[in-house]
Amino acid sequence: MKNRFEGVIGRRDFLKTTAMAGAAALTMPGMKAFAAGNAINFQTWSAAVDLVKSHVAAFEKTSGLSVEYANSPWAQYRDAMVTKFVGTAPMDVMWVSDAWLPEWAEAGWISPVDEFDSLMAYNADAETFCTDSMTYKGRQYGLTYYTDFMGFIYDADKVAAAGFSAPPKSWDEVVEQSLVMKEKGISDFPMMLAMAKESWLIEFMSAMVFSHGGRFTNDEGGSIMQDEKNGALSALQWVVDAVNKHKVVSPGCVETGELSGLKAFASGNHAFALLPKYRLAMLNDPAQSQIAGRAKQALMPMGANGSHATVGWMRFHGMATQAAADKARADNAAKLIEWFGGKSDGAYTFQKLLFLDIGAGFGVKPLFEDADIRAKYNTYADVAIIQEQQALARKKDVVTPWFGDWNEVNGASWQSAILGNVSPADALKKSGEEWDDLKSQA
Amino acid sequence: MRLRRHFNYEERTALLFIAPVMTVLGVVAVFPIAYSFYLSFFRIKLTRPNRTPFVWFDNYLHLFKDEMFWTAVLRTTTFTVISVAAITLLALFVALLLNQDFRGRRLVSTVLLIPWAIPYVADALMWKWIYDSGYGALNGLLYQLDFIDKYMIWLGDQDKTLALIANAFVWKEVPLATILLLVSLKSIPSDLYQAARVDGAPLLQRFFHVTLPSMRTGFMLVIIYETMIAIRHFDLFFILTEGGPGTASHVLSWEIYVETFRNLSFGSGAAMSYLLALITFALAYFIIRTLGRSV
């Protein structure tokens, strides 16, 4: 009886085809490097993928080194990376969020890069909060991928229609202008706050707290959020009053995420909003926004004892400990970090291209003077205000190995206070106790 | 030799054929279940890979003392009771309707299946848009019909959150429950109705004394299945509220997710999962004992 596979593919054919496929695969750049075993394993989340790929290609051409580039979606990135670290998957350079720095550093998955003078030289150009955000226990763990800060955005037409010549400078003025807008029927809830439980919530809270002159923790890392004078009380009290007493912020803010809030603001429902600064580009794009041309940025309003401070955040290029442990691998990894986070060909090419491509903020001051960047900014924003606000940005003071655990409780506490279930003081007391408890277990 | 002594040729052949499947099941099902039970005796936090002490039943004992855990149990119970009751009643009503001959019955049956065919994530995103307090369809509809004079807060109102999530759950689950009950209805012998008519039983009596008792198996199936699905349900909570506002939708499945995948505490997450599994088994046993007694 004839074998039914006979005539389709024989054993020799199979072996020949396999060998040819293998040879073909090895000629592909990634596989070649893999086979050689000396590729730099570079892991990112799925952002600006084409730009990253072309910058990787330029790096390979210039340095003669190979890069094995892979990316995964932002939503699953942290979990995917933790799994890879635990499973000791090959890793040299990766994008890191400032929120994960302490836990990854404590776990021994990433290593400081401050022994590379070539990388540390770029700190002279960087904003202070950027270097602060990449520093843990006095050691610096990387160089910029992108950075941004929470901005106070307003609809210039609504402010003018309410009879004001300038946007509010303080949180009291936000209430004052909002009440006039309500009275004139300009907006039911003039101030947009996105207080839903999502990853952005800590940035919104931090911007409120910093601008009210408060902090969540002190320099020693102890909780002071519950402190009446220096903590987060006045900020949370302002939010609670804005929702329940003045009714200038919608009670629906607890179900409004950053994206929903952005859409509502872009639809013209509100006059003021706290939003990441990079959202200005979308807000002033007529194809995406009904308030295009009217969305302006002002300095973060001040609380009674506060300042125009806001919160900034960092995403940076870090080095895996497994790479740092091997001198040759570490040197190669440092070269790739410099190519992306520092200068390539004598300029901050990647940060500049990233800004021009997707509007992502940069953390180095000289780029503010770049003609292309200024021209791009001028199409939708005021560079001077952005520069001034960025200089006032501060790193989050709650980023610790136990940040994730605490953040769940803190988010629920703030929401409970906004809903009127507990007083702001009790909500922050609970957050503070949770912080101390987690800190003692760490 | 021992195998030959205990099993005859036919049994040995059968064992040989099921061995690959049993091996696969052992690797992908039995081992993970057993291993996760083992993990529940350790304090494992992935971000502290070098500190994983064996803590015996501490993870379980800690849960019993945790106020949030009991709140989650209460919320899960409320959600389950509301959902299963609504699903059963609605499915019964629709099944009775579809059991009648009327024009367009096939079309109605087909349309009924649409919610069931939609994946839970899509279902959740759709309801998120419907419930949105700023631009949601629900507010738009009620406003245009003059039922409300200003847009309402839906998911952000802690008194409504659980009921609204239950509503989205019921919408998705009613079709399957209807089909199960319809099958049960179709299997009732027509002689029973004829005999009841001969005895002079009016419509309501026929319904309470013939239809309902004959559907006991169908009800048992629906209640057990929907209870198990509701208790463990996660998708809607994840997409609609992330456990909020405040702690208004902190159910057990959400607690387990946060503990395991956000806090990366696999030990206590596994302990919670085992408690949830135990509760589910206990409930299923209780329902079978109660409803299945005379089946």
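Residues numbered from 1 in each chain as written. Chains lettered and ligands numbered in written order. Predicted model: local features only at pLDDT ≥ 70, side-chain atom pairs only at ≥ 80, totals over all residues. Heavy atoms only, no water.

Some words on helix 3 (residues 49-63) of chain A
All names here are of chain A. The terminal C-alpha atoms of helix 3 lie 21 Å apart, and with 15 residues this matches the ideal 21 Å at 1.5 Å per residue to within 8%. The set of residues buried in helix 3 consists of Leu-51, Val-52, His-55, Val-56 and Phe-59. The buried residues of helix 3 occupy an angular sector of 135° when projected down its axis, which confines them to one face. More than 90 degrees from the buried face of helix 3, the exposed residues found are Asp-50 and Lys-61. Positive phi appears at Gly-64, one or two residues downstream of helix 3, with a value of about 80°. (Helix = DSSP H or I, 4+ residues; strand = E, 2+ residues; numbered from the N terminus. Expected span 1.5 Å × (residues − 1). Buried < 20%, exposed > 50% of the residue type's maximum accessible area, 1.4 Å probe, protein only. Arc of directions from axis to C-beta.)

A few points about the packing of helix 3 (residues 58-65) of chain B against helix 15 (residues 266-291) of chain B
All names here are of chain B. As a packed pair, helix 3 and helix 15 sit with axes 9 Å apart at the nearest point and diverge in direction by 70°. Taken together, the axis directions place helix 3 and helix 15 in an arrangement best described as roughly perpendicular. Helix 15 is crossed by helix 3, and the crossing has right-handed handedness. Between helix 3 and helix 15, the contacting residues are Asn-59, Tyr-60, Leu-63 and Phe-64 on the first element and Gly-267, Ser-268, Ala-271, Met-272, Tyr-274 and Leu-275 on the second. Of the residues contributing to the contact of helix 3 with helix 15, the split by class is seven nonpolar, three polar and no charged. (Axes fitted to C-alpha atoms, helices over the stretch in contact; angles between N-to-C directions. Parallel < 35°, antiparallel > 145°, perpendicular 65-115°, else oblique. Left-handed = near helix turned anticlockwise from the far one by under 90°. Contact = heavy atoms within 4.5 Å. Nonpolar A, V, L, I, M, F, W, Y, C, P; charged D, E, K, R; others polar.)

Quick word on the domain arrangement of chain A
All names here are of chain A. Assigned domains within chain A: domain 1 (38-148 + 313-377) and domain 2 (149-312 + 397-441). Centre-to-centre, using C-alpha coordinates, domain 1 lies 30 Å away from domain 2. Between domain 1 and domain 2, the contact holds 13 residues from the first and 13 residues from the second. When the buried surface of domain 1 facing domain 2 is broken down by residue, Ala-99, Asp-148 and Trp-313 rank first, second and third, together holding 52% of it. Seen at the junction of domain 1 and domain 2, the total is one salt bridge. We note a salt bridge from Asp-148 to Lys-277, for which the minimum N-O separation is 3.6 Å. The tally of links between domain 1 and domain 2 comes to two residue pairs in polar contact (both at pLDDT 80 or more). If you tally residues by element for the side of domain 1 that touches domain 2, the top one is helix 5 (residues 101-106), at three residues. Among the residues making up the side of domain 1 that touches domain 2, the classes are represented as seven nonpolar, two polar and four charged. (Domains from an automatic or database assignment. Buried area = accessible area lost by both parts, 1.4 Å probe. Salt bridge = Lys/Arg side-chain N within 4 Å of Asp/Glu carboxyl O. Polar contact = N/O pair within 3.5 Å; in protein donor to acceptor, adjacent residues only side chain to side chain.)

As for the interface of chain B and chain A
Opposite the 28 residues of chain B that make contact, chain A presents 26 residues. In this assembly, chain B packs against chain A so that about 2,200 Å² is buried in total across both faces, 47% of it on carbon and sulfur atoms. Along the contact surface separating chain B from chain A lie two salt bridges. With a shortest N-O distance of 2.8 Å, B:Arg262 and A:Glu408 are connected by a salt bridge.

Notes on the environment of B:Thr110
Residue and element names in this part refer to chain B. Along the chain, Thr-110 turns up in helix 5 (residues 105-112). On the basis of relative accessible area, Thr-110 is assigned to the exposed category, the value being 52%. Note: C-alpha distance between Thr-110 and Pro-175 (65 residues apart in sequence) is 9.9 Å.

A closer look at the domain arrangement of chain B
The domain architecture assigned to chain B consists of domain 1 (1-31) and domain 2 (53-294). Computed from C-alpha coordinates alone, the two centres of domain 1 of chain B and domain 2 of chain B are separated by 39 Å.

As for the packing of aromatic side chains
Scanning the entire structure with this criterion turns up 59 aromatic pairs over all chains. Between the aromatic rings of A:Phe362 and A:Phe368, the centroid separation amounts to 4.9 Å while the plane-to-plane angle is 65°, which identifies the pairing as edge-to-face. On the basis of relative accessibility, which here comes to 0%, the residue A:Phe368 falls in the buried class. Judged by centre distance (5.3 Å) and plane angle (55°), the rings of B:Phe79 and B:Phe169 are tilted. Of this pair, B:Phe79 sits in helix 4 (residues 67-98) while B:Phe169 sits in helix 9 (residues 161-186), and the two are 90 residues apart along the sequence. Above the face of the A:Phe210 ring, A:Arg394 is positioned so that its terminal group lies 4.4 Å from the ring centre. Between the NZ or CZ atom of B:Lys172 and the centre of the ring of B:Tyr120, over which it lies, the distance is 4.8 Å. (Phe/Tyr/Trp six-rings, centres within 6.5 Å; stacked < 30°, edge-to-face > 60°. Lys NZ or Arg CZ within 6 Å of the ring centre and 35° of its normal.)

Focus: the packing of helix 4 of chain B against helix 9 of chain B
Residues and elements named next belong to chain B. Relative to each other, helix 4 and helix 9 sit at 40°, their axes nearing to 6 Å. Taken together, the axes of helix 4 and helix 9 are oblique relative to one another. Pair helix 4 / helix 9 crosses with right-handed handedness. Class assignment of the residues belonging to the contact of helix 4 with helix 9 gives a composition of 21 nonpolar, four polar and three charged.

Regarding the environment of A:Gly359
All names here are of chain A. Looking at the secondary structure, you find Gly-359 in the loop between helix 16 (349-358) and helix 17 (371-378). Separated by 14 residues in the primary sequence, Gly-359 and Asp-345 place their C-alpha atoms 22 Å from one another. Setting aside chain neighbours within four positions, we find Gly-359 in contact with Tyr-278 and Leu-354.

Quick look at helix 10 (residues 201-211) of chain A
Residues and elements named next belong to chain A. In terms of residue burial, helix 10 counts as a mostly covered element, since 11 of its 11 residues are buried. Taken residue by residue, helix 10 has Leu-201, Ile-202, Glu-203, Phe-204, Met-205, Ser-206, Ala-207, Met-208, Val-209, Phe-210 and Ser-211 as its buried positions. Following helix 10 by one or two positions, Gly-213 has its phi on the positive side, about 80°.

Some details on the pairing of strand 3 (residues 93-97) of chain A
All names here are of chain A. Counted residue by residue, strand 3 has five buried out of five residues, so it is predominantly covered. Residue alternation in strand 3 divides its side chains into two sets, Val-93, Trp-95 and Ser-97 and Met-94 and Val-96, and both sets are buried. Pairing analysis gives two bridges linking strand 1 (residues 40-45) to strand 3, with the strands arranged parallel. The residue bridging Phe-42 from the neighbouring strand is Val-93, located in strand 3. Direction of pairing for strand 3 relative to strand 11 (residues 310-320): antiparallel, over a ladder of five bridges. Residue Trp-95 lies in a different strand from strand 11, and its bridge partner there is His-317. (Pairing = 2+ DSSP bridges.)

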